[in-house]
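Given next are the chains, with one letter for each unit.
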Amino acid sequence: MIVHFVGAGPGDPELLTLRAEKLLRACRICVYAGSLVSAGVLALIPADAERHDSARMSHDEVVAVYRDAKRRGIDVLRLHSGDPSIYGATREQMNALDELGIPYDVCPGVSAFQAAAAALCTELTAPEVSQTIVLTRTSGRTPLPEEQELDKLARSRATLCIFLSIEKIREVAETLTSHYGADCPAAVVHRASWPDQKVIRGTLADIAEKTEPEGIRTQALIVVGQALGRDIPASRLYDAAFSHGHRKGEKP
């Protein structure tokens, strides 16, 4: 018996990995992340499989499913939205599985930040502008280490992908303006890749004003950085002066 931690991707079932789809179609017990996993993904689970919505469960109740599955010798598929390695709360589950002597593995998934970049049709890195992407969030029920507060991260002027913070969009914009400038491109992507996906584009000066009337409260990513603009230096990867050796072995 094994527990498979599987990334459900951002929502669109066509963005599942081949391995994730295979595991979904074969599973007999699935613990999934409530409304964060789309109906299209859940539709791949066999009709007679046991389903447990973790949105209504405590950690101990989830672990109880694992313990019972071990007793019955049945594999469990633990379905997390996006990629399990990002804000997935997998560590405490794995610790419990270690104590129970239950093996587990991880199947990665497409993260919301990648789906958001696709929705924006943009690169998150740009030559001479930003070669760093920071995945972060603002403080909430889960506090941040002081050195990782948004104001400190913003000093790098990296591209910021800010999770779980849409209700603080105005505070986020105000905090970042002193580092990036009011005219810095900013965007909000709500439910990236879902049928009702919504994309809001603006700058730090107006992104809050554009977003707040939409009433978005969850499942949204804030993306900020000069890399979102188009008037930036071109990559040198395909520059005529570059040799073929550089193109094969190096990133721009």
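Up top is the structure these notes are about.
Residues numbered from 1 in each chain as written. Predicted model: local features only at pLDDT ≥ 70, side-chain atom pairs only at ≥ 80, totals over all residues. Heavy atoms only, no water.

J.: Even after reading the chapter, I still don't get the nonpolar core, so can you show me in this structure?
T.: In summary, soluble globular proteins display a tendency toward joint burial of nonpolar side chains. Leu176, Tyr180, Val188, Leu204, Ile222 and Val224 are the most contacted members of the largest nonpolar core, which totals 24 residues. Elements with a contribution of two residues or more to this core: helix H6 (150-153), strand E7 (159-163), helix H7 (169-180), strand E8 (185-190), helix H8 (207-211) and strand E10 (220-224). Counting residues per element, this core draws most heavily on H7, at five residues. Not counting residues up to four positions away in its chain, the partners in contact with Ile222 are Leu160, Cys161, Ile162, Ser165, Ile166, Ile169, Val172, Ala187 and Val188. (Core = buried A, V, L, I, M, F, W, Y, C linked by side-chain atoms within 4.5 Å. Buried < 20%, exposed > 50% of the residue type's maximum accessible area, 1.4 Å probe, protein only. Helix = DSSP H or I, 4+ residues; strand = E, 2+ residues; numbered from the N terminus. Contact = heavy atoms within 4.5 Å.)

J.: Is there a simple way to think about the pattern of salt bridges in this case?
T.: Pairing is possible between side chains of opposite charge, provided their charged atoms come close. Tallied over the full model, the rule gives twelve salt bridges. Here Glu167 makes a salt bridge to Arg217, at a shortest N to O gap of 4.0 Å. Of this pair, Glu167 sits in the loop between E7 and H7 while Arg217 sits in the loop between H8 and E10, and the two are 50 residues apart along the sequence. For the pair formed by Glu167 and Arg217, the shared burial category is exposed. Of the charged contacts, one joins Glu214 and Lys198 as a salt bridge, the two residues approaching to 2.9 Å between their closest N and O atoms. (Salt bridge = Lys/Arg side-chain N within 4 Å of Asp/Glu carboxyl O.)

J.: Which parts of the structure should I look at to understand the packing of aromatic side chains?
T.: We describe a pair of aromatic rings using the distance from one ring centre to the other and the angle between the two ring planes. Applying the stated criterion across every chain, the model contains two aromatic pairs. On the numbers, 6.1 Å between centres and 90° between planes, the contact of Phe5 with Tyr104 is edge-to-face. In this pair, Phe5 sits in strand E1 (residues 3-7) while Tyr104 sits in strand E5 (residues 104-107), placing the two residues 99 residues apart along the sequence. Seen from their ring centres, Tyr87 and Phe163 are 5.2 Å apart, and the 55° between their planes marks the pair as tilted. (Phe/Tyr/Trp six-rings, centres within 6.5 Å; stacked < 30°, edge-to-face > 60°.)

J.: When you look at the environment of Leu18 in this model, what are you seeing that I'm missing?
T.: Its location among the elements puts Leu18 in helix H1 (residues 18-26). According to the relative accessible area criterion, Leu18 is exposed, its value standing at 75%.

J.: Just to check I follow, could you spell out the layout of surface pockets for this structure?
T.: A water-sized probe, rolled over the atoms, reveals where empty space remains. Computed from the structure, the largest pocket encloses a volume of approximately 1,600 Å³. Forming the walls of the largest pocket are 48 residues, and the residues nearest its centre are Leu36, Ser81, Tyr87, Gly88 and Leu164. Secondary-structure elements contributing two or more residues to the lining of the largest pocket are helix H3 (59-72), strand E4 (76-80), helix H4 (91-100), helix H5 (112-120) and E10. By residue number, the principal contributor to the lining of the largest pocket is H4, which donates three residues. Grouping the amino acids of the lining of the largest pocket by side-chain chemistry returns 19 nonpolar, 19 polar and ten charged. (1 Å grid on protein atoms, 1.4 Å probe; cavity = no way out; pocket = protein on both sides within 12 Å on 5 of 7 lines; lining within 4 Å. Points joined across faces, edges and corners; volume = space filled by probe spheres on them. Nonpolar A, V, L, I, M, F, W, Y, C, P; charged D, E, K, R; others polar.)

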